[in-house]
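# Results of the structural survey
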Amino acid sequence: MPKKTILKLNKIFENVGEKPNIVVIMADDLGSFDVSLKGGNQILTPNIDALGYQGVILNRHYTPSLCSPSRAAFLTGKSPINLGMQFIVIFNDEPRSLSLDEKLLPQYLKEVGYRTHIVGKWHLGFARRSFLPTHRGFDTHVGFLGSHIDYFNFTNTLDPYPAGFDFRYNEDVYRDRIGEYATDVLTDEATKIIEEHNPKDGPLFMYFPHIAVHSGNEYDPLQTVPEDLETVAHIKDPDRRTYAAMVKALDRSVGKVVTALKKKDMLENTIILFFSDNGGPTQGYHATSASNFPLRGQKDGPWEGGVRGTGVIWSPLLQKRHYVSNHLIHITDWLPTFTELANVSSYKEKDLNGNNIWSTISYNESSLRREIVHNIDTISGYTSYCKDGWKYINGTRWNGAHDQWIGEMTFEESPEASSYPNLVMKSKVWQALNPYALKNLKPRHLEEMRKKTGINCRKVTSPSRDCKPLEAPCLFYVDDDPCEMNNLAHFRPTRMAIIEKRLKYLQETMTPPGNLPRNSAANPALHDGIWTWWFELMQK
């Protein structure tokens, strides 16, 4: 390692007590197999992969299986069952939000001087002005308030209403960039925040919940630009090809954000986290042809395909890097981790479900986490829960339509797959982060790490029985059976009884679902064609 780089790293670790800049990029509905560091060669994501190889690949990163619950869990450090967010999402015409009694991550960080920004998707309620991100700890917001938008005209359609415009700069309607591709627009806004950040005003917290790769409106769900479509011409299925181009735009976005941090000379004291809010929807509602294969199921369900994604984290403050972590990590762990690093003590006063996992990641130490409540949805009637490697499923979503192993790909390698390591090492992210590497990384190191991210399905063996969660609860040992192929419920009655006793307690003590009746007063036709804080206006 060059002497100049060693001196630079020594300086970093001398200053580890400084509050770090925190940049979180949350993809939307990204299939867990659609990041090429997982081994697939159909869609290559060199920038996202480089972030993982240079940092730490979080191979068992868990989230709720839907948008609003995931965002609520990230920003509060609490499980959706303790937020009243167990059942589906917050709709545009629903007069509720993530409870105003909850303190959010940006509010904690502002206590110690952070400048806080959100770029992209909110989806935690906007029926009242007080529900907006700029009233909940964020200094600025550029993006949309609902679940999704058209990538070019920035409208959101929700049956039975006409399309409503949903794009804002803080609280003002923002039409200046209509016609441009939303993934690129949001990326420009994120890089602008980095470029204009003044360290004298405090450290930066930027939460970047992307539009990509969520579907657009039903009339045109998969949208891309010709430049990205050209890069995936080897994919025959038109929907999968367009989706792949949307993933390429997301990867390009990650490259631009990291490059902006490099140009601003901010990488020395920055943490960059990337993950998806949930698994990809291969089929059904808002389907994109995303793939979580070989995991079972998809978005909005109890299976690993909906809740287990790939996360990557990079920072020169991490004492160990360039490895694959198989420690159990949940989205609720990020709030206590970031607040602890920022020296915010007030989070300890809250009854959180997350743990500070910095030592787990930075030193590759054992995780504190033994339990994950994926969901207890008393309205749909399904439960998904894991403790000490044993996963319990009772009931499911969509009447079992997406309960199988879906998203298996035909053999369609990218023409660049043969030079995969070189492609990654030429990426913008690699060029920006390699000066901070703890060792001289070679192509073989990338291939070795890539092999360790693979998920090996265990064959069905005796005494396994078919899992039919609408008929009876199922039990899997997912530490050895990540593809949920071997139902051992009948073989482990004591384990089942222990889990069901715990679930009974959790259900009795959880916050009831907070869903409210939907209201046609939200109709954007009543508000100049705009989705806005309709409930507040209705009461005037």
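Right above here is the structure, for reference.
The following paragraphs examine the structure supplied in this document. Because the structure is predicted, anything quoted here is derived from the model rather than measured. (Residues numbered from 1 in each chain as written. Predicted model: local features only at pLDDT ≥ 70, side-chain atom pairs only at ≥ 80, totals over all residues. Heavy atoms only, no water.)

In this section: the state of the cysteines. Per the counting criterion, the structure on display carries 2 disulfides. Here Cys-457 is linked by a disulfide to Cys-483, with a sulfur-sulfur distance of 2.0 Å. Judged by the sign of its S-S torsion, about -75°, the cystine formed by Cys-457 and Cys-483 is left-handed. Note that Cys-457 is positioned in the loop between helix 13 (443-452) and strand 17 (474-477) and Cys-483 in the loop between strand 17 and helix 14 (493-509), a separation of 26 residues in sequence. We classify Cys-483 as buried; its relative accessible area is 0%. The residue that forms a disulfide with Cys-467 is Cys-474, at a sulfur-sulfur distance of 2.1 Å. (Disulfide = S-S within 2.5 Å. Helix = DSSP H or I, 4+ residues; strand = E, 2+ residues; numbered from the N terminus. Buried < 20%, exposed > 50% of the residue type's maximum accessible area, 1.4 Å probe, protein only.)

Under the definition given, this model contains 29 salt bridges. Between Asp-184 and Arg-252 there is a salt bridge, with the nearest N and O atoms lying 2.6 Å from each other. Linking Asp-184 in helix 5 (residues 182-196) with Arg-252 in helix 7 (residues 238-263), this pair joins segments that are 68 residues apart in sequence. Residue classification places Arg-252 among the partly exposed positions, given a relative accessible area of 24%. Among the charged side chains, a salt-bridge network with shared partners connects Arg-177, Glu-180, Asp-188, Glu-189 and Lys-192. (Salt bridge = Lys/Arg side-chain N within 4 Å of Asp/Glu carboxyl O.)

Attention now goes to the packing of helix 5 against helix 7. Where helix 5 meets helix 7, the axes come as close as 9 Å, and the angle between the chain directions of the two elements is 10°. With respect to each other, helix 5 and helix 7 are oriented roughly parallel. Only Ala-249, Leu-250, Arg-252, Ser-253, Lys-256, Val-257, Ala-260 and Leu-261 of helix 7 make contact with helix 5, whose side of the interface consists of Thr-183, Asp-184, Thr-187, Ala-190, Thr-191 and Ile-194. Among the residues forming the contact of helix 5 with helix 7, the class breakdown is 7 nonpolar, 4 polar and 3 charged. (Axes fitted to C-alpha atoms, helices over the stretch in contact; angles between N-to-C directions. Parallel < 35°, antiparallel > 145°, perpendicular 65-115°, else oblique. Contact = heavy atoms within 4.5 Å. Nonpolar A, V, L, I, M, F, W, Y, C, P; charged D, E, K, R; others polar.)

All told, the structure shown has 18 aromatic pairs when counted by the stated rule. Considering the side-chain rings of Phe-152 and Tyr-181, the 5.4 Å spacing of their centres and the 40° angle between planes classify their relative orientation as tilted. Within this pair, whereas Phe-152 is found in the loop between strand 4 (140-144) and strand 5 (155-156), its partner Tyr-181 is found in the loop between strand 8 (172-173) and helix 5, the two being separated by 29 residues in sequence. Grouping aromatic residues by their ring pairs yields a cluster made of Phe-74, Trp-122, Phe-138, Phe-205, Tyr-207 and Phe-275. Note that Arg-175 overlies the ring of Phe-165, its terminal NZ or CZ placed 4.6 Å from the centroid. The ring of Phe-91 carries Arg-518 above its face, with NZ or CZ at 4.2 Å from the centroid. (Phe/Tyr/Trp six-rings, centres within 6.5 Å; stacked < 30°, edge-to-face > 60°. Lys NZ or Arg CZ within 6 Å of the ring centre and 35° of its normal.)

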